[in-house]
Structure formats: C-alpha cells, structure tokens
Amino acid sequence: MSTHEARIDAVRGWVDAAARVVVLTGAGISTESGIPDFRGPQGVWTKDPQAEKLSNIHYYMGDPAIRKAAWQSRLTHPAWTAQPNAGHAALAALEARGKLHALITQNIDELHQIAGNSADKVIEVHGTVRKVVCMDCGMTAPMSVALDRVRAGEADPHCRACSGILKSATVSFGQNLVPDVIDRALRCAAEADLFFSIGTSLQVYPIAEAVDIARRAGARLVILNAEATPFDHLADSVFREPIGTLLPQLLR
Ligand code: NAD
Ligand code: ZN
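A. Representation of helix α4 (residues 64–75) in the model. Over its twelve residues, α4 runs 17 Å from end to end, which matches the ideal 16 Å to within 8%, given 1.5 Å per residue. Taken together, the buried positions of α4 are occupied by Ile 66, Arg 67, Ala 70, Trp 71 and Arg 74. Along the long axis of α4, the arc covered by the buried residues comes to 140°, so they all point the same way. Capping the start of α4, Asp 63 holds a side-chain oxygen 2.9 Å from the backbone nitrogen of Ala 65, two or three residues further along.

Here's what the structure looks like:
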C-alpha cells in the first residue's frame, strides 16, 4: 500500500468510527460543477479585482450602476445551470449513512441540497443566491421572479411591497452575518468527533474558527484543498487532490 493509499485508508477508518461528522465546505467544492471560486488560481477576484465591488454592500446600496451590473451578472450566474458533482454526491451519501451531524457551507449555490442533503443539515452561513431579499422590509422571494423582471426590462428591480432595494439573499462583504446561523454552525463544530474542511481557503472569519473549535473539542481534522490553508498544521491529514476525485474515495 502506498503512503497515499494508507492515508486514504486511515480517513475511512475515522469515518467508520465517527458518530458525528461535521463538514465545512467552500467555493472549491463547486468549481468542478462550473462555478468559479473567488481566491483560487481561476477565481473571480483573482482574475478581476474590480468584481469584488459587486459583492460589497456599500457599493451596492450606494450606486445604481453597480446594482444594474450586479443584476446583469446574476442573469448569467453559473449556479442556474450547474449540477452537483461527485464531491457533493459523496456528502449526500455520508448523510444517508447516518454519519452527518451538520454541513456548514459558505456556498450560496444550494448544490448540497440539490445533491440530496436535507435542508435541516445544511447551515448556509452566507445565505443563498436562489432568493432575493428586500433591504428595507425584509421580504424574500424567489430569485427567478426578480430575474424575469430584469429580462423584461427593469435594470434594477425594486421591492413591490415597499420600493426598497432588492439584493440576492446572500451575505455580501461589509454586511453582518446572521448571529443565530453562525452560533449554530460553531456549536455544531464543537460537537463533532470528525471534522472535514473542504474546498475553502479558510480566510473568512469567524467561520474559519469552526476548524479550531472542532479541533480543541477533540475532533479529528481532515483538510481537502488544492492550496495551503492557515489551519493545515492543525490537521490530522491534509489532501491537495481535486475534491470530486478524492472525496468519494475518502467517504466510500
Ligand atoms: P475561496 O475562493 O476563498 O477558496 C476556495 C479554495 O478551493 C481555494 O483555496 C482553491 O484552491 C480550492 N479549490 C478550488 N477548486 C478545487 C478543487 N476542485 N479541489 C480542491 N480544491 C479546490 O472560497 P471560500 O473559502 O468558500 O470563500 C469564498 C466566499 O465566496 C465564500 O464565503 C462564498 O460565500 C462565496 N462564493 C461562493 C461560491 C459558491 O456558492 N459556489 C462561489 C464563489 C464564491
Ligand atoms: Zn420591501
């Protein structure tokens, strides 16, 4: 058995022995579904630093031109055509085995739910792009309805109830996280006996702390990411292979 195979085998043993697996995912699990990440080599911000403005709440609220550009970019968001990949499927299978305690995701694409993970296991710390929210009255509605309005000619559709600014129901940069959601995620991390960090550069706080919280509570830690993360030195095992290939092997 090669060292690599032995390391895969060890992780399988940890999964077999675990009762409460907690998984944290980031944009890297969805790149093989055709949704680029932000900070990887092909990342949206790596290639176009200006694109960060479309995700910044202050620019968005203050500048109609930024909102118009944001709506145009939502029309062609890769999430609308993306399908879950083998990595998402492996996590759905982990839940079917009864092992999954919580699936904390920074992703906004809902591919975990589409792959078959139940909504009550998925903790979306950055919200979802499949809904819109009114920034004034808090009304939420399906994204598809707002996109139909953009296609029909409204460059910057506003709330039908109160005329407030509409935005995707995601947590933009400069916007506060939802405290209850973060609390639940960090509490679940503390309850893990095995923790996977998958496809995230672990640069966004406080959620990156989930890794350390799980570790200090006694969980084993496995990190899967193409690039190094600030938490690699804490991990029991670190893998750099493509998630869609490796994760199904680890969770077989
Ligand atoms: P990130 O862009 O900071 O990091 C992604 C990491 O995944 C990178 O280090 C990259 O090397 C790695 N990676 C990419 N493809 C991989 C693969 N196939 N196999 C192994 N590793 C791979 O992503 P983040 O930490 O999630 O932070 C970005 C933020 O932007 C998130 O908080 C999220 O809200 C948002 N975002 C979401 C999506 C989505 O929903 N799919 C996409 C882009 C950005
Ligand atoms: Zn409103």
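Back to the text.
B. Expanded view of unusual backbone geometry. Residue Pro 206 is reached from Tyr 205 by a cis peptide bond, and omega for that bond is 5°. Take Pro 206: it is sitting in the loop between β7 (194–198) and α9 (209–216). Positive phi, normally seen in glycine, also occurs at Glu 110, with a value near 60°. One can find Glu 110 in the loop between β2 (100–105) and α6 (111–115). The phi torsion at Ser 163 lies on the positive side, around 65°, for a residue other than glycine.

C. Main features of the nonpolar core. Formed by 25 residues in total, the largest nonpolar core has its most connected members in Val 23, Leu 91, Phe 196, Ile 198, Leu 224 and Leu 247. Where this core is concerned, the elements lending two or more residues are α1 (3–17), β1 (21–25), α5 (86–96), β2, β7, β8 (220–224) and α10 (243–250). The residues contacting Leu 247, other than those within four sequence positions of it, are Ile 29, Gly 87, Ala 90, Leu 91, Ile 198 and Leu 224. Ile 182, Leu 202, Ala 214 and Ala 219 belong to the second largest nonpolar core, which has 24 residues in total.

Reading the values: the criteria
Residues numbered from 1 in each chain as written. Chains lettered and ligands numbered in written order. Predicted model: local features only at pLDDT ≥ 70, side-chain atom pairs only at ≥ 80, totals over all residues. Heavy atoms only, no water. Helix = DSSP H or I, 4+ residues; strand = E, 2+ residues; numbered from the N terminus. Expected span 1.5 Å × (residues − 1). Buried < 20%, exposed > 50% of the residue type's maximum accessible area, 1.4 Å probe, protein only. Arc of directions from axis to C-beta. Polar contact = N/O pair within 3.5 Å; in protein donor to acceptor, adjacent residues only side chain to side chain. Core = buried A, V, L, I, M, F, W, Y, C linked by side-chain atoms within 4.5 Å. Contact = heavy atoms within 4.5 Å.

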